[in-house]
Amino acid sequence: DFSNKYTNGSVSIIGGSDGMSGAAIMSQKAFHLVGGGISKVFSSSESTIAEILHDDESMMASKITNLTNDPFFQKSKVVLIGPGLNIKDLTIDISQIFQDEKFYIIDAGGIDAIRQKKLGENFLLTPHLGEFSRLTGKKYTYLFQAFEDVQEYAISHNVNILLKDRLTVFSNHLGERTVWNYPNPKLAVMGTGDLLAGILAGLTCRFSLTDCIHLALSILQMSSKMKMKFPRAVEIRKFLEKRISDG
């Protein structure tokens, strides 16, 4: 095995605004949960950066203003934009960091940041129903109302979309669509979207996108075996860590 921390995956995470450090930390830890090699959080918040560096001395974090010239960002294969991101704190033109050789996962606060931006097939958007509604300008009450629009949006914008709801719908940029029909009430809690985003970042480095989607959702589905009826996201992450480490 000739793998190293970069061949196992490298991700730059943009997020963790004031009061939302937990989202960025959750995604960063989830990235390493599935074997991701090396990560760095870029945040506008001094307190978020301090919390990350204090929590685990092996982790990295820096001010978002240093992003474009940061050597680690230049080497990152994956960029995750959105966990705990307040769009008002995005002090750079997001399109300036788009590069063909990187893969971008756009989640949560990042969804609004990429509206009206030219994207491509190296982008995966992971909106929930409300965020997808803001992208399309249509109002959806139920997932089935957005079912055809997911495919249409993916094709017309040449992007990949994972629409999260009770069921999960994935369409790649070619319009090839699959449905994850395994409802899991334990995931209906704040923080699980950040958990999924980090897992996706860790797997995208090493698998095809379709395989990555199925693996990530399968890993999250393990939480259905938890004895706790209403676990918090951090408890789900710790449960998954144990399941994965135990084999």
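Residues numbered from 1 in each chain as written. Predicted model: local features only at pLDDT ≥ 70, side-chain atom pairs only at ≥ 80, totals over all residues. Heavy atoms only, no water.

1. Some details on the pattern of salt bridges
Overall, the coordinates contain 11 salt bridges when judged by the stated rule. We note a salt bridge from lysine 29 to aspartate 55, for which the minimum N-O separation is 3.0 Å. Note that lysine 29 is positioned in helix 1 (residues 21–33) and aspartate 55 in helix 2 (residues 46–55), a separation of 26 residues in sequence. On the basis of relative accessible area, lysine 29 is assigned to the partly exposed category, the value being 24%. Aspartate 55 gets classed as partly exposed once you look at its relative accessible area, which sits at 43%. Aspartate 149 is the partner of lysine 138 in a salt bridge, and the nearest nitrogen-oxygen pair spans 3.3 Å. Linking lysine 138 in the loop between helix 5 (129–136) and helix 6 (143–157) with aspartate 149 in helix 6, this pair joins segments that are 11 residues apart in sequence. The exposure class assigned to aspartate 149 is buried, which follows from its relative accessible area of 12%. (Salt bridge = Lys/Arg side-chain N within 4 Å of Asp/Glu carboxyl O. Helix = DSSP H or I, 4+ residues; strand = E, 2+ residues; numbered from the N terminus. Buried < 20%, exposed > 50% of the residue type's maximum accessible area, 1.4 Å probe, protein only.)

2. A look at the packing of helix 1 against helix 2
Following both chains from N to C, one finds helix 1 and helix 2 inclined at 40°, their axes separated by 10 Å at the closest point. In terms of their interaxial angle, helix 1 and helix 2 are classed as oblique. Helix 1 and helix 2 meet at a crossing whose hand is right-handed. Seen from helix 1, the contacting residues are Ser21, Ile25, Gln28 and Lys29; seen from helix 2, they are Thr48, Glu51, Ile52 and Asp55. Classifying every residue of the contact of helix 1 with helix 2 gives two nonpolar, three polar and three charged. (Axes fitted to C-alpha atoms, helices over the stretch in contact; angles between N-to-C directions. Parallel < 35°, antiparallel > 145°, perpendicular 65-115°, else oblique. Left-handed = near helix turned anticlockwise from the far one by under 90°. Contact = heavy atoms within 4.5 Å. Nonpolar A, V, L, I, M, F, W, Y, C, P; charged D, E, K, R; others polar.)

3. What to know about helix 2
Of all the residues in helix 2, the buried ones are Thr48, Ile49 and Ile52. On an axial view of helix 2, the arc spanned by its buried residues comes to 100°, and they lie on one face. Structural note: helix 2 exposes Glu46 and His54 on the side pointing more than 90 degrees away from its buried face. Buried positions along helix 2 lie against helix 1, strand 2 (38–43) and strand 3 (61–63). (Arc of directions from axis to C-beta.)

4. Topic: the packing of helix 7 (residues 192–204) against helix 8 (residues 209–221)
It is the contact of helix 7 with helix 8, at a shortest axis distance of 9 Å, that shows an interaxial angle of 135°. The pairing of helix 7 with helix 8 is recorded here as oblique in orientation. The two elements helix 7 and helix 8 cross, and the hand of that crossing is right-handed. Counted together, Leu195, Leu196, Ile199, Leu200, Leu203 and Thr204 of helix 7 and Cys212, Ile213, Leu215, Ala216, Leu217, Ile219 and Leu220 of helix 8 form the full contact between these two elements.

5. Description of unusual backbone geometry
Even without a glycine there, the phi angle at alanine 108 is positive, about 45°. Turning to its location among the elements, alanine 108 is positioned in the loop between strand 5 (103–106) and helix 4 (109–113).

6. A closer look at the sheet that holds strand 3
Taken in spatial order, the nine strands make up an open sheet running 3-2-1-4-5-6-7-8-9, and their pairing is mixed. A single partner strand is all that each edge strand has here, and the edge strands are strand 3 and strand 9 (177–180). When the angles between neighbouring strand axes are averaged without regard to direction, this sheet yields 15°. In the sheet, strand 2 pairs with strand 3 via three bridges, with the strands oriented parallel. Considered in strand 3, the bridge of valine 41 is made with alanine 61. Against the sheet, helix 7 touches strand 1 (10–14), strand 4 (78–81), strand 5, strand 6 (123–125) and strand 7 (160–164), its axis set at about 170° to strand 5. Packed onto the sheet, helix 8 meets strand 5, strand 6, strand 7, strand 8 (168–171) and strand 9 and runs at close to 5° relative to strand 9. (Pairing = 2+ DSSP bridges.)

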